[in-house]
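Reading the structure
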Amino acid sequence: MADAPRYRFAPSPTGMFHVGGARTALHNWALARRTGGTFVLRIEDTDEARNRPEWTEGIIEALAWIGISADDPHFEGPLYQSHYAGAHLEAAERLYREGFAYYCDMTPEQIQERAKAEGTTGYGGWSRDLGLEPAPGRVLRFKVPMGTTVVHDQVRGDVEFDNGVIEDFVLVRGNGTPVFILANVVDDMSMGITNVVRAEEHLPNTPKQQMLWTALGHEPPVWAHVPVLVNEQRKKLSKRRDKVALEQYRDEGYLADAMVNYLMTLGWSPGEEEIQPWSAMEETFRLEDVNLSPAFFDLKKLTAFNGEYIRKLSPDELFDACRPFLPDEWGDEPFRSMVPYVQERLKTLAEAPSTVDFMYVADPEIDDDAWNKAFAPDYAVPLLSDVVEAYATCDWDHATLKSTMEQLMERYEIKLGKAQAATRVALTGRSVGPPLFEALEVMGRDESLRRMRAALERIG
RNA sequence: GCCCCCAUCGUCUAGUGGCCUAGGACACCACCCUUUCAAGGUGGCGGCACGGGUUCGAAUCCCGUUGGGGGUGCCA
């Protein structure tokens, strides 16, 4: 118990919160909760130029949306990296003092020139033995030792790096600020992080971080690098090219549960049935079972998941979920009554308004193709006239409305599918929509008859 | 260029030497059901990248090739 694991999620607030980040957060969250450990949220806000406070808010809100809540006892934070700058510099100072790092006065341009001249690439450790003192403009570099570094990775097994190909990397910039690699390690150390679960893009700098842990006198954490998420071109999902903002999916009517479930199936399988509640996935998720190759973020499949989750909601839940997507001027009715009939037709909540909009306007726009097709048959007008007449007096419930039409259509030897077409267009202006008799019932006799008569008049 | 990672249907995956004539899901197609559209049901299409080994036996182990991806900043 004294050694309850401490996981962490360390996003940088440089843009909208990303689906890839969400998946990594979910992995950490599942592990922290199942093991009775802690999920530390650390905001890496040390990129002075790119980070903005509203992005931090966005991250916290997005995490809450997918169920990673600051109210949960397993949650710790948010902690802000910028608050620990002193510790980062202290560690840098110590590394310098103990001979693990040295100052270098070469500019990036000079480095490039010299490398070119020598026919090499990167920094060749040229200032390593110059014994330069700290001074403004000089960077502090880590003195990468000889040998090999083996990273024990829970997803990938042991990964070996030849230290000879790792150049002496910068720890502190010429302006005196610490770089990510140092800040990240120092924070993980001081926050007692035991498990680092992050995306594969960090694997190449893991040996550097591991060297820092060792130089600073600590045992490195347990590493795990999960594969990245890619687009259809199989490139890492990027904020610039791809639609990746979690918030955007929320605004387009995706359910958090569907998103969470879908994200978890990328690179991992929850078992026989892929639609699983979070509580179950939290129990079964294991890093050892995570796939090793990049996974395509497939909007089609996410949408399919979303449809399934929408169908699982109760009518009341679905109504509440849809409410924000309905125009403000619309009242709850008749949508509320229509919910059961549109439920299995929705793939996203945002589609809700278009399934019932004909009920909210007096004269819905008429689709000409639908109209022409519905009124093309000879029986269309006479049948509609009969229906209008019968509907004027019959009981007004969907069962009666249906059986009434069935009786009237008999003499034309057609099926209900054809018989209802004209009435549907008269009512909705379209050829498709929610079940007709149910819609009639909800809409009421007066308005229904008015529209049907208007249609007959229009025909002439 | 160099370093690292990876490779099962179009996509996400199951599969850890014999249960595989490779299973499921999404997408697609057909049919059924039907009050349009959906939803649902049934069926179909479609894959172990390639070449060598190891083994009685390989999708599973090893090597190579090819192909993808990630990284290579005084960004995180």
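In this report, we go over the structure that sits alongside the text. (Residues numbered from 1 in each chain as written. Chains lettered and ligands numbered in written order. Predicted model: local features only at pLDDT ≥ 70, side-chain atom pairs only at ≥ 80, totals over all residues. Heavy atoms only, no water.)

Some remarks on the sheet that holds strand 4 (residues 101-104)
What counts here: Any two strands between which DSSP finds at least two bridges are classified as paired. Secondary structure elements follow DSSP: runs of H or I no shorter than four residues count as helices, runs of E no shorter than two count as strands, and numbering proceeds from the N terminus. What counts as an axis is a line fitted to C-alpha atoms, over the stretch in contact for a helix, and the angles between N-to-C directions run from 0 to 180 degrees.
One open sheet holds the three strands; their spatial order is 4-5-8, and the pairing between them is antiparallel. Looking at strand neighbours, the two that pair on one side only are strand 4 and strand 8 (170-172), the edges of this open sheet. Averaged over all pairs of adjacent strands, the angle between their axes in this sheet comes to 45°, without regard to strand direction. Note: strand 4 against strand 5 (residues 139-142), four bridges, orientation antiparallel. Looking at the pairing, A101 lines up with F142 of strand 5.

Here we look at unusual backbone geometry
Cis geometry is adopted by the peptide bond preceding P78, which originates at G77 and carries an omega value of 5°. Here P78 is to be found in strand 3 (residues 75-80). Put simply, E333 and P334 share a cis peptide bond, and its omega is 0°. Of note, E413 is a non-glycine position whose phi angle comes to about 55°, a positive value.

Concerning helix 19 (residues 436-443)
Quick reminder of the rule: Only protein chains enter the accessibility calculation, which uses a 1.4 Å probe; a residue whose area is less than 20% of its type maximum is buried, one above 50% is exposed, and one in between is partly exposed.
Along helix 19, six of the eight residues are buried, which leaves the element largely enclosed by surrounding structure. At the C-terminal side of helix 19, G444 shows a positive phi close to 95°.

Structural notes on the nonpolar core
Short version of the rule: Here, the term nonpolar core denotes a set of buried Ala, Val, Leu, Ile, Met, Phe, Trp, Tyr and Cys residues that are joined through side-chain atoms within 4.5 Å.
One finds V19, F39, L63, I68, F297, F335 and Y391 to be the most contacted residues of the largest nonpolar core, which totals 99 residues. In terms of nonpolar packing, the next biggest core, distinct from the first, is built from 34 residues, Y103, V185, W213 and L216 among them.

Quick notes on the side chain of Q343
Using the following cut-off: For this analysis, a polar contact is any N or O atom pair within 3.5 Å, provided that within protein one partner can donate a hydrogen and the other can accept it, and provided that sequence-adjacent residues contribute only side-chain to side-chain pairs.
In this structure, Q343 sits in the loop between helix 12 (335-342) and helix 13 (352-360). At 2.8 Å, the side chain of Q343 forms a polar contact with the backbone oxygen of I310.

Considerations on the packing of aromatic side chains
We apply this condition: Only Phe, Tyr and Trp rings take part, Trp by its six-membered ring, and two of them pair if their centres are within 6.5 Å. Stacked means planes under 30 degrees apart, edge-to-face means over 60, and tilted covers everything else.
On inspection of all chains with the given rule, the structure shows 18 aromatic pairs. Between F319 and F335, the ring centres sit 5.9 Å apart and the planes meet at 35°, which makes this aromatic pair tilted. Residue F319 is found in helix 11 (residues 315-322), and its partner F335 is found in helix 12; the two are separated by 16 residues along the sequence. Among the residues examined, F319 registers a relative accessible area of 3% and is labelled buried. Site record: aromatic cluster; members linked through ring pairs are F9, F17, W29, F39 and F75.

Considering the pairing of strand 1 (residues 6-9)
Note the cut-off: A crossover gets the label right-handed when its path from the first strand over the helix to the second runs clockwise, viewed with the strands pointing away from the viewer.
Side chains of strand 1 alternate between two faces, with R6 and R8 and Y7 and F9 buried alike. Where strand 1 lies against strand 2 (residues 38-43), four bridges are found, and the strand directions are parallel. Its bridge partner being in strand 2, R8 is matched across the sheet by V40. Once the chain exits strand 1 it traverses helix 1 (residues 19-34) before rejoining the sheet at strand 2, and the crossover so formed is right-handed.

Quick word on the pattern of salt bridges
How we decide: When a carboxyl oxygen of Asp or Glu is within 4 Å of a side-chain nitrogen of Lys or Arg, the pair counts as a salt bridge.
Tallied over the entire structure, the rule returns 25 salt bridges. With its nearest N and O atoms 2.5 Å apart, the salt bridge here joins D72 to R33. Here D72 is found in the loop between helix 2 (53-65) and strand 3, whereas its partner R33 is found in helix 1, with 39 residues between them in sequence. R450 is the partner of D363 in a salt bridge, and the nearest nitrogen-oxygen pair spans 3.6 Å. Taken as a pair, D363 in the loop between helix 13 and helix 14 (368-375) and R450 in helix 20 (residues 445-459) lie far apart in primary sequence, 87 residues in all. Connected through shared salt-bridge partners, R8, R42, E44, D187 and D188 make up one network.

Regarding the protein's contact with RNA strand B
The following threshold applies: The cutoff for a nearby residue is simple: one of its non-hydrogen atoms must lie within 4 Å of the molecule or strand. Just so you know the grouping, Ala, Val, Leu, Ile, Met, Phe, Trp, Tyr, Cys and Pro go in nonpolar, Asp, Glu, Lys and Arg go in charged, and all remaining residues, Gly too, go in polar.
The full set close to RNA strand B counts 63 residues, and R173, R234, G267, E274 and E344 are the nearest of them. In the interface set of RNA strand B, defined as its atoms within 4 Å of the protein, sugar plus phosphate atoms amount to 70%. For RNA strand B, a phosphate oxygen lies 3.1 Å from a polar atom in the side chain of N291. Between RNA strand B and E438 there is a distance of 2.9 Å, counted from a base oxygen to a side-chain nitrogen or oxygen. The set of elements that each furnish at least two residues to the surface near RNA strand B consists of strand 7 (157-162), strand 12 (295-296), helix 10 (299-312), helix 17 (416-419) and helix 19. Residue composition of the surface near RNA strand B, grouped by class: 23 nonpolar, 18 polar and 22 charged.

As for a negative patch on the surface
Operational definition: Patches here are clusters of residues that have more than 30% relative accessible area and form no salt bridge, with a 9 Å joining cutoff for like charges and a 5 Å cutoff for nonpolar side chains (Val, Leu, Ile, Met, Phe, Trp, Tyr). Shrake-Rupley sampling with a 1.4 Å probe provides the accessible areas, and residues are treated as covered by the protein chains on show and by no other component. Asp and Glu count as negative and Lys and Arg as positive, but His and the ends of the chain are not part of the count. Positions of charges follow a simple convention, taking NZ of Lys, CZ of Arg, CG of Asp or CD of Glu.
Negative charge collects at one region of the surface, where E365, D367, D368 and D369 lie side by side. Here D367 is to be found in the loop between helix 13 and helix 14. Accessibility expressed as a relative area gives 38% for D367, which makes it partly exposed.

Regarding the environment of P134
The condition that has to hold: Contacts were defined at the residue level, with two residues in contact if any of their heavy atoms lie within 4.5 Å.
Looking at the secondary structure, you find P134 in the loop between helix 4 (108-118) and strand 5. Setting aside its immediate chain neighbours within four residues, P134 contacts Y96 and Y103.

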